[in-house]
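Examination of the molecular architecture
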Amino acid sequence: MKKLLFLLVITFSTAFVTNAQRLTEVTFPPDTTTYVYPKPKPFSFITKIPATFVGAARISFKKESLKNWGIIAGSTAILLLVDQDIAHKVQQASDHIGLDRTRIYRDGISFNIGKTNVDIYEPPGNLNTAIYSIGEGIPPLVLAGGLWGYGLAKKDYRAISTASQIVQATTAAGIMTQILKRTTGRESPFRATKPGGAWRPFPKPSVYQNNVPMYDAFPSGHMGTLAATYVVITENYPEKRWIRPVGISIMSLVGLAMINNDVHWASDYPLAIGMGYAFGKATVGLNRFVKGEPMFKKKRAVRE
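Everything numeric in this text was worked out from a predicted model, so none of it was measured. Within each chain, residues carry numbers counting from 1 in the order of the written sequence. Totals for whole chains, interfaces and linings use every residue, but because this is a predicted model, local features are given only for residues with pLDDT of at least 70 and side-chain atom pairs only at 80 or more, for both listing and counting. Water and hydrogen atoms were dropped before computing side-chain values, which therefore reflect all heavy atoms in the structure.

**Focus: the overall build of the protein**
Numbered from the N terminus, helices here are DSSP runs of H or I no shorter than four residues, and strands are runs of E no shorter than two. Secondary structure assignment for the protein yields eleven helices and five strands. Here the term buried applies to any residue with accessible area under 20% of the maximum for its type, exposed to any over 50%, and partly exposed to those in between, with areas from a 1.4 Å probe on protein chains only. Every one of the 304 residues in the protein was classed for burial, and the buried ones make up 46%. Surface accessibility of the protein: about 15600 Å² in total, with carbon and sulfur atoms responsible for 64%. Each accessible area value is a Shrake-Rupley result obtained with a 1.4 Å probe; residue values ignore everything except the protein chains displayed when judging cover.

**Let's talk about unusual backbone geometry**
In terms of backbone geometry, most residues other than glycine have negative phi values and most peptide bonds are trans. With an omega dihedral of -10°, the bond running from phenylalanine 218 to proline 219 counts as a cis peptide bond. With respect to the helices and strands, the residue proline 219 is situated in the loop between α8 (205-210) and α9 (221-236). Non-glycine residue phenylalanine 43 carries a positive phi angle of around 65°. Mapped onto the elements of the fold, phenylalanine 43 is located in the loop between β2 (34-38) and α2 (44-47). The phi angle at phenylalanine 202 is positive, at roughly 50°, despite the residue not being glycine.

**Describing helix α6 (residues 138-154)**
In this scheme, a helix's expected span is set at 1.5 Å multiplied by one less than its residue total. Across its 17 residues, α6 extends 24 Å between first and last C-alpha, which sits within 8% of the 24 Å expected from 1.5 Å per residue. Restricting attention to buried positions, one finds in α6 the residues Pro140, Leu141, Ala144, Leu147, Trp148 and Gly151. Projected down its long axis, α6 carries its buried residues within an arc of 120°, all on one side. Seen from the buried face of α6, the exposed residues on the opposite side, beyond 90 degrees, are Val142, Ala153 and Lys154. Looking one or two residues past α6, lysine 155 carries a phi angle of roughly 55°, positive in sign. For this quantity, the arc is that covered by the directions from the helix axis to the C-beta atoms.

**Quick word on the pattern of salt bridges**
Salt bridges are defined by distance alone: a side-chain nitrogen of Lys or Arg within 4 Å of a carboxyl oxygen of Asp or Glu. Using the criterion set out here, one finds seven salt bridges in the structure. The shortest N-O distance in the salt bridge between glutamate 239 and arginine 158 comes to 2.8 Å. One end of the pair, glutamate 239, is in the loop between α9 and α10 (243-260); the other, arginine 158, is in helix α7 (residues 157-184), and 81 residues separate them in sequence. By relative accessible area, which is 29% here, glutamate 239 ends up partly exposed. Between glutamate 187 and arginine 200 there is a salt bridge, with the nearest N and O atoms lying 2.9 Å from each other. Taken together, the positions of glutamate 187 in the loop between α7 and α8 and arginine 200 in the loop between α7 and α8 put the pair 13 residues apart, joining distant regions of the chain. For glutamate 187, a relative accessible area of 0% puts it in the buried group. On the basis of relative accessibility, which here comes to 30%, the residue arginine 200 falls in the partly exposed class. Each member of the salt-bridge network shares a partner with another, and the members are Asp83, Arg186 and Asp268.

**Things to note about the packing of α6 against α7**
Lines fitted to C-alpha atoms define the axes here, with helix axes fitted over just the stretch in contact, and angles between the N-to-C directions of these axes take values from 0 to 180 degrees. Their axes nearest at 7 Å, the elements α6 and α7 cross at an angle of 160°. One way to sum up the angle between α6 and α7 is to call them roughly antiparallel. α7 is crossed by α6, and the crossing has left-handed handedness. Together, Pro140, Leu141, Leu143, Ala144, Leu147, Trp148, Tyr150, Gly151 and Leu152 of α6 and Ala159, Ile160, Thr162, Ala163, Ser164, Ile166 and Val167 of α7 make up the contact between the two elements. In the contact of α6 with α7, the residues fall into 13 nonpolar, three polar and no charged. Note on terminology: angles under 35 degrees are roughly parallel, angles over 145 are roughly antiparallel, angles of 65 to 115 are roughly perpendicular, and the others are oblique. The hand of a helix crossing depends on one turn: near helix anticlockwise from the far one by less than a right angle means left-handed, and clockwise means right-handed. In what follows, a contact means two residues having at least one pair of non-hydrogen atoms within 4.5 Å. Classification convention: Asp, Glu, Lys, Arg as charged; Ala, Val, Leu, Ile, Met, Phe, Trp, Tyr, Cys, Pro as nonpolar; all other residues, Gly among them, as polar.

**Regarding the layout of surface pockets**
To locate leftover empty space, one rolls a probe as large as a water molecule over the atoms. One number sums up the size of the second largest pocket: a volume of about 760 Å³. Lining the second largest pocket are 32 residues, and of these Ile72, Ile273, Gly274, Met275 and Tyr277 sit closest to its centre. Taken together, the elements giving at least two residues each to the lining of the second largest pocket come down to α3 (49-61), α4 (66-96), α7, α9, α10 and α11 (269-287). The dominant element in the lining of the second largest pocket, judged by the number of residues it contributes, is α11, at nine residues. In terms of residue class, the lining of the second largest pocket is built from 24 nonpolar, five polar and three charged. Using a grid of 1 Å spacing that covers the protein atoms alone, one calls a set of points a cavity when a 1.4 Å probe fits there but cannot get out, and a pocket when the set is open and has protein on both sides within 12 Å along at least five of seven lines; lining residues are those with an atom within 4 Å of a point. Grid points are joined across faces, edges and corners, and a volume is the space filled by probe spheres set on the points.

**Some thoughts on the side chain of asparagine 128**
Inspection of the secondary structure puts asparagine 128 in helix α5 (residues 127-133). Apart from the residues lying within four places of it in its own chain, the contact partners of asparagine 128 are Leu99, Asp100, Arg101, Ala257, Asn260 and Asn261.

**Some words on the packing of α9 against α10**
Between α9 and α10, the shortest axis-to-axis distance is 10 Å and the interhelical angle comes to 180°. It follows from the interaxial angle that α9 and α10 lie roughly antiparallel. Counting all contacts with α9, which are made through His222, Met223, Leu226, Ala227, Tyr230, Ile233 and Thr234, the residues of α10 involved are Ile243, Arg244, Gly247, Ile248, Met251, Val254, Gly255 and Met258. Residues that form the contact of α9 with α10 fall into these classes: ten nonpolar, four polar and one charged.

Honestly, it's all geometry; don't read function into it.
See the structure below:
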């Protein structure tokens, strides 16, 4: 519901933008390639999702990606062996410095639609929860909203397109994450019945829905969302060199926070990061074009 409200706002706000050029051209240093950002069409972040899956599949299964798949598989296998030890050490360190690792939220902003209560914002009750919350869906949407507002004010279609791309990439990554969660059925740490959590593949939809923490640890949706957002922003703003270290630092802190509060295992992250990367790159390629090439047709500007 939160994401739907946001999508409606940014979609209809775009309809009131007027610009005779209807595109923004940007040349990224150090090369001389000029990229073109056309005005996003209403609901393009939804209508392009099927193409996003196709693009992500092409990126994932090309020959050059075999090394990356090897790294993802190898790191996941190693982390599976030490998941419980990593969790213990992270939580011991947290206890040692007095960091409360309980997930706590305070009463925030909400409203009722009929009998359904919609929470707009629930402020975190401690530092670990605040860091954990960065990986939830709202912070990337707020970031997208900021870019969207800036783009509207400045008639900057790179900013508007980047905002739309964040929604597109995170939505596609979220769909794929849900498919894999419902396929693998791994226990979340706080509901684990054995060290490292039990795996119950292909739970029935009703069983899954009635006891989600017993099946939804792998892969991490939070990390996939952050990775997709990171890729979209760094690809569209490569001249902003501070974005990469800040983004990596945030992802690392969120990853530790999720281990600390028993939401995820360390081995839930490598595949999630790989998925976020693929969906982010595919999304950028569908929305940014090299000047002089046909838009929406052949070659896409996907920078490897």
